[in-house]
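The primary structure of each chain is shown beneath.
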Number of protein chains: 2
Amino acid sequence: MALEDLGEFGLIDRIVARLGGAAARDITVPPGDDAAAWAVDAGFAVATVDTLAEGTHWRRDTMSFADVGWRAVATSISDLAAMGAEPRFLLISVELAPTVELADIDAFADGVAAACGAYGVRVAGGNVAGTAATSVHTTAFGTAVAASDGSPALLRRDAARPGDLVAVSGAPGASAAGLALIEAGRDTEPEAEPLVMAHRRPTARIELGRAAVAAGLACAIDVSDGLAQDLGHVARAAGVGIEVEADALPLHPSAIALLGVEHARELALRGGEDYELALTAPAATLGPLADGEASLTTIGRVVTEHPGEVVVLDSDGRRLAQPRGGWDQLRSARG
Amino acid sequence: MALEDLGEFGLIDRIVARLGGAAARDITVPPGDDAAAWAVDAGFAVATVDTLAEGTHWRRDTMSFADVGWRAVATSISDLAAMGAEPRFLLISVELAPTVELADIDAFADGVAAACGAYGVRVAGGNVAGTAATSVHTTAFGTAVAASDGSPALLRRDAARPGDLVAVSGAPGASAAGLALIEAGRDTEPEAEPLVMAHRRPTARIELGRAAVAAGLACAIDVSDGLAQDLGHVARAAGVGIEVEADALPLHPSAIALLGVEHARELALRGGEDYELALTAPAATLGPLADGEASLTTIGRVVTEHPGEVVVLDSDGRRLAQPRGGWDQLRSARG
């Protein structure tokens, strides 16, 4: 069957059916009305939107439509993870180029459903439009509660304080390493698999974000634009400097093996789309969290010097050449 | 200054500054973090997303970037109006083609700000990406409270009941008439102005939606895909038939004057993007609301016959030829 024959509303029905348990059928107003509605307790709403556009964020030769569906979910709820919020519902707005076929939509829905199942979120609504270029805009809604002092139990970029340690989850750069191997035609090499998966099926650190809030941390960001650039956002928001020890970066062993340590380190600092969390906290607060989270590595500290700036230090404490930025959604497309 | 020089984060800062009071700077977590957060009372969250893509929903020769900004707000909060919800916050996700210039973004932000001011909503966050084609995805968040029996005070498509009257606000078809005049190069004719404005600066019927909930109505839909097609959504969701009296349709006098009554009626039934509300309710419920709302016109009734179908009747009660559907976001782009 062709998409044109199905029409907008037939396609929406098909997607909702295909989502299975990932469609929020039991909420106050489920998919199918002008808007979705669900019951909320008093507290804090947390909301974010992110885009995956063909050509800018993915290509058909770098990921499947099922991968795009997974990543559309992971990329948005990662922003909720970085707030320490509990993700609940998604609205997914899709633009379909004329080249998209029904099988592509089915695969996309399967990827969305798989990620929803993995993260315990559901699709409450969305939109479908036929346009010149394919893209997915995913809005994620989560909740946060009030801390004992009445303030919202959330992680914020501007909460880094001099004296904090800086930690990161997982192996930043793994996604960029996976993409580099795909583009070099090396993605079928056995050791490439975890890196390719990191690119196509990234992990959103929901549990870590919530554990960080519970442990009393106040500051986090997700590493979606590259570790150095994202720490720069923290440094500017909080008015602090950040020092990163190059040798402390938790490089992926497969990235070292396949690309060499220098390239792996460069990707760890500049590669985007990892969706790991970078956190800052005093050692006494970070320690207990890190003990319970095997994935967390201390990589640096927050300082009063060079406010707004991230510097990377070698083993002798000397500044390495500044990595040139990270992922910029405008420059990448126009550069 | 070129957009490339400003970069993604510089552009976001510029947009937030340009939004002025339309940026939600005083919420729990304002624009600038991984996600936005705001305090909520216990009740119901209502959320919707809508798309305005260049080429599919607008062209640079049919509306300005300021118009696109206005309509991006109006189109999304219209879906909240159709639920009877109170709109509160927006997340705006923008894709920018390489041809978009900084002045276009400024104009877009001005249009968003104007609509936010008119409707009392604010922008809590968003996303910017450089891509192949320009589009805007607006997520709108509103709230609803519980009725005295604990059920959500919301208007739903599936709540139409046989015996209900059907009413519509404003003059459906005005937006399509405006577009027809723009495309015919007749938009500068004096009488065209209200129609052109209906297309470029449509009105979302927030107050009507809330008044309908307060008056005890249960069923509404916004007329964004064309009156006949949108009433068809109600008919199918509720499992009822709907009869519309052609002579009762509130045609815009300028549309009749400039396009003739037959064309004006066709556009009233099939034209999209009006963002008027269609409501159904028993006469005893609808009457008091209609008395207080000069814009409301009774156009038909809900029946048990031909469930799922909308029929249009002439003054002798005979069926007119069925209008062929309305706006379909897929077929329109691929047709």
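To be clear, the structure that these remarks concern was listed above.
Anyway, here's the lowdown on the structure attached to this text.

### What to know about the pattern of salt bridges
Residues and elements named next belong to chain A. Under the defined criterion, the tally for this structure stands at 48 salt bridges over all chains. In this structure, the salt-bridge partner of arginine 122 is aspartate 26, at a minimum N-O distance of 2.8 Å. Of the two residues, arginine 122 sits in strand 4 (residues 122–130) while aspartate 26 sits in the loop between helix 1 (3–19) and strand 1 (36–40), which places them 96 residues apart along the sequence. For arginine 122, a relative accessible area of 24% translates into the label partly exposed.

### Quick look at the pairing of strand 5 (residues 135–144) of chain B
All names here are of chain B. Across the 10 residues that make up strand 5, a large majority, nine, are buried. Taken together, the 10 bridges between strand 2 (residues 43–53) and strand 5 define a ladder with antiparallel strand orientation. Bridging across to strand 5, valine 49 finds its partner in threonine 139. With nine bridges joining them, strand 3 (residues 86–96) and strand 5 adopt antiparallel strand pairing. Along strand 5, the bridge assignment pairs isoleucine 92 with threonine 138.

### Points about the side chain of histidine 233 of chain A
Checked against the element boundaries, histidine 233 of chain A lands in helix 7 (residues 227–238). A polar contact of 3.4 Å, which involves the side chain of histidine 233 of chain A, links it to the side chain of arginine 236 of chain A. In contact with histidine 233 of chain A, other than residues within four places in its own chain, are Arg157, Ile221 and Asp225 of chain A together with Phe9 of chain B.

### Considerations on the relation of the copies chain B and chain A
After a rotation of 180° and a shift along the axis of 0.0 Å, chain B superposes on chain A with an RMSD of 0.0 Å. Overall, the copies show the geometry of a two-fold rotation axis. Closest approach to the rotation axis among the C-alpha atoms of chain B is made by alanine 42 of chain B, whose C-alpha sits 2.1 Å away. Taken together, the interface assignments show that 100% of the residues at the interface of chain B recur at the interface of chain A, consistent with an identical surface on both copies.

### Here we look at the interface of chain B and chain A
Contacts between the two partners involve 74 residues from chain B and, on the opposite side, 74 residues from chain A. Overall, the association of chain B and chain A removes approximately 5,800 Å² of surface from exposure, summing both partners, and the carbon and sulfur fraction of that is 56%. Remark: the boundary between chain B and chain A carries 32 residue pairs in polar contact (both at pLDDT 80 or more). Summarising the sheet, strand 1 of chain A and strand 2 of chain B pair through five bridges and their orientation is antiparallel. In the sheet register, valine 40 of chain A faces strand 2 of chain B, and the bridge partner there is glycine 43 of chain B.

### Concerning helix 1 of chain A
Residues and elements named next belong to chain A. The terminal C-alpha atoms of helix 1 lie 18 Å apart, and with 17 residues this falls more than 12% below the ideal 24 Å at 1.5 Å per residue. At phenylalanine 9, helix 1 shows its largest bend, some 75°. By the burial criterion, the buried members of helix 1 are Leu3, Leu6, Gly7, Glu8, Leu11, Ile15 and Leu19. Of the residues one or two after helix 1, glycine 20 is the one with positive phi, at around 55°.

### Observations concerning the pairing of strand 10 (residues 296–303) of chain B
Residues and elements named next belong to chain B. The sheet contact formed by strand 6 (residues 165–169) and strand 10 spans five bridges and is antiparallel. Within strand 10, the residue paired with valine 166 across the bridge is glycine 300. Pairing analysis gives four bridges linking strand 8 (residues 241–245) to strand 10, with the strands arranged antiparallel. What sits directly across from valine 244, in strand 10, is glycine 300.

### A few points about the sheet that holds strand 11 (residues 310–313) of chain A
Two strands in a sheet stick together by hydrogen bonds in their backbones, pointing the same way (parallel) or opposite ways (antiparallel). Residue and element names in this part refer to chain A. Taken in spatial order, the six strands make up an open sheet running 7-9-6-10-8-11, and their pairing is mixed. The sheet is open, and its two borders are formed by strand 7 (219–223) and strand 11, each paired with just one other strand. For this sheet, the mean inter-axis angle between neighbouring strands, taken without regard to orientation, is 25°. Here strand 7 pairs with strand 9 (residues 276–281) via five bridges, running antiparallel. Note that in strand 9 the partner of alanine 220 across the bridge is leucine 279. Packing of helix 6 (residues 206–214) onto the sheet brings it into contact with strand 6 (165–169), strand 9 and strand 10 (296–303), and relative to strand 9 it is tilted by some 15°.

Rules and cut-offs
Residues numbered from 1 in each chain as written. Chains lettered and ligands numbered in written order. Predicted model: local features only at pLDDT ≥ 70, side-chain atom pairs only at ≥ 80, totals over all residues. Heavy atoms only, no water. Salt bridge = Lys/Arg side-chain N within 4 Å of Asp/Glu carboxyl O. Helix = DSSP H or I, 4+ residues; strand = E, 2+ residues; numbered from the N terminus. Buried < 20%, exposed > 50% of the residue type's maximum accessible area, 1.4 Å probe, protein only. Pairing = 2+ DSSP bridges. Polar contact = N/O pair within 3.5 Å; in protein donor to acceptor, adjacent residues only side chain to side chain. Contact = heavy atoms within 4.5 Å. Least-squares fit on C-alpha atoms with pLDDT ≥ 70 in both. Buried area = accessible area lost by both parts, 1.4 Å probe. Expected span 1.5 Å × (residues − 1). Bend = angle between axes of the 7 residues up to and from the residue. Axes fitted to C-alpha atoms, helices over the stretch in contact; angles between N-to-C directions.

These figures capture arrangement, not role.
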